[in-house]
Amino acid sequence: MNKKRYLFISLIIFAVVMTALMIFRITNPTNTSLSFYVQDAVSKNWIWDATITIQNRSIRSYYQSDRGPREYIFTDLQHGDWKMTISAPGYKTIQVPVSLKRGENRREEPIEVMGLEIPGLSHFVMFEEYAGGDLVLEIRPIGINGQAVINHPCMDIWIGARISEQLKDGFPVTESFDRGLYRGKELFNGSVSWNWNGSPETVFRYSAWIPVAQIKESKAPFLVVDYLTIVPNPESVSKEDVLLIVNDIWNSTDGSDIEDELKKHSGDFTYFFYSSWNVEGAQ
């Protein structure tokens with residue numbers, strides 16, 4: 001009888017202990033996790049080849065989505081105050097303070113990382129075509145190795161363009177030529193708006209456009225388009241200051257001395273010239 005009573009008491013104690021353990025596990029989870037988003041400060045899109053580290057654990061990120069950044073999750077972390085390090089080629093490495101409580105931790109606001117450069121950039125090449133009433137530009141960054149730079153930070157570039165009639169021997173050319181060409185009447189002069197395409201399948205992510213309505217009418221079959229592309233140094237100058245500097249230089253100088261003025265601001269940005277000849281006119 002005593003044995004049965006002791007067994008019954010033992011079962012009650014066991015049930016109480018197990019219930020207490022279950023309540024403790026529910027109210028005090030042992031699996032501490034951290035969920036968060038990381039995005040490019042300019043494009044608000046994914047960051048290529050990002051390494052994210054906390055507590056000697058890492059996530060390596062490449063393409064994410066054409067719908068914006070995806071959520072990252074670290075699990076089995078220790079609670080307490082820590083620092084999470086985020087780095088990627090061409091970006092500023094940052095350390096983010098993280099205070100982890102037991103259980104699930106979530107950062108709702110995306111962590112933004114600032115791009116510093118397009119790694120290995122040598123120059124830009126432009127290709128033009130007419131579409132939907134615009135002169136659409138495909139902007140290709142080319143590396144010092146001669147190859148296209150495909151995955152890189154979205155730098156907040158500035159593009160200026162001058163469009164002129166293409167002449168040879170004093171007359172507009174009627175077919176494509178390689179030599180003896182020069183610029184005639186100016187048809188457009190101004191800054192150019194651009195877009196960033198974060199789709200994984202996209203090769204060249206910058207594109208731009210010039211509305212045909214803003215280009216003066218001309219019967220010239222071929223045009224020449226001169227470009228100036230500015231890549232700012234975001235650590236030394238703001239976007240607003242870059243616009244003031246570059247717009248002033250672009251509007252107050254001609255082709256003969258514009259580079260001299262640009263060189264005075266070598267610490268604020270890098271600049272690249274490119275000219276497209278034999279561009280078909282908007283007939």
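Residues numbered from 1 in each chain as written. Predicted model: local features only at pLDDT ≥ 70, side-chain atom pairs only at ≥ 80, totals over all residues. Heavy atoms only, no water.

**Q** Which parts of the structure should I look at to understand the environment of valine 231?
**A** Relative to the helices and strands, valine 231 resides in strand β16 (residues 222-232). Valine 231 gets classed as buried once you look at its relative accessible area, which sits at 6%. Along the chain, valine 231 and leucine 116 lie 115 residues apart, while their C-alpha atoms are 9.4 Å from each other. Aside from chain neighbours lying at most four places away, what touches valine 231 is Leu121, Phe124, Met155, Ile157, Phe269, Thr270 and Phe272. (Helix = DSSP H or I, 4+ residues; strand = E, 2+ residues; numbered from the N terminus. Buried < 20%, exposed > 50% of the residue type's maximum accessible area, 1.4 Å probe, protein only. Contact = heavy atoms within 4.5 Å.)

**Q** It is not clear to me how the nonpolar core should be interpreted in this structure. Could you clarify?
**A** Nonpolar side chains tend toward joint burial in soluble globular proteins. The biggest cluster of nonpolar side chains holds 30 residues, and the ones touching the most others in it are Phe124, Ile159, Ile163, Trp194, Tyr206 and Ile210. Breaking this core down by element, the ones donating at least two residues are β10 (121-131), β11 (134-143), β12 (158-168), β14 (182-196), β15 (206-211), β16 and β17 (269-280). The element that contributes the greatest number of residues to this core is β14, accounting for five residues. If near-sequence neighbours (up to four positions away) are discounted, phenylalanine 124 is found in contact with Ile118, Ile139, Arg140, Pro141, Thr229, Val231, Phe272 and Tyr274. In terms of nonpolar packing, the next biggest core, distinct from the first, is built from 20 residues, Leu34, Ile47, Leu77 and Ala88 among them. (Core = buried A, V, L, I, M, F, W, Y, C linked by side-chain atoms within 4.5 Å.)

**Q** So what exactly am I meant to see when it comes to the sheet that holds strand β1 (residues 32-36) here?
**A** Across a sheet, strands are paired by hydrogen bonds formed along the backbone, either parallel or antiparallel in direction. The three strands lie next to each other as β5-β1-β8, forming an open sheet whose pairing is mixed. Both edges of this open sheet fall to β5 (72-77) and β8 (104-106), since each of them pairs with a single strand only. Between one strand and the next, the sheet's axes are offset by a mean angle of 15°, whatever the strand orientation. Two strands pair when backbone bridges link them, and β1 and β8 are joined in this way by three bridges, in the parallel orientation. In the sheet register, leucine 34 faces β8, and the bridge partner there is asparagine 105. (Pairing = 2+ DSSP bridges. Axes fitted to C-alpha atoms, helices over the stretch in contact; angles between N-to-C directions.)

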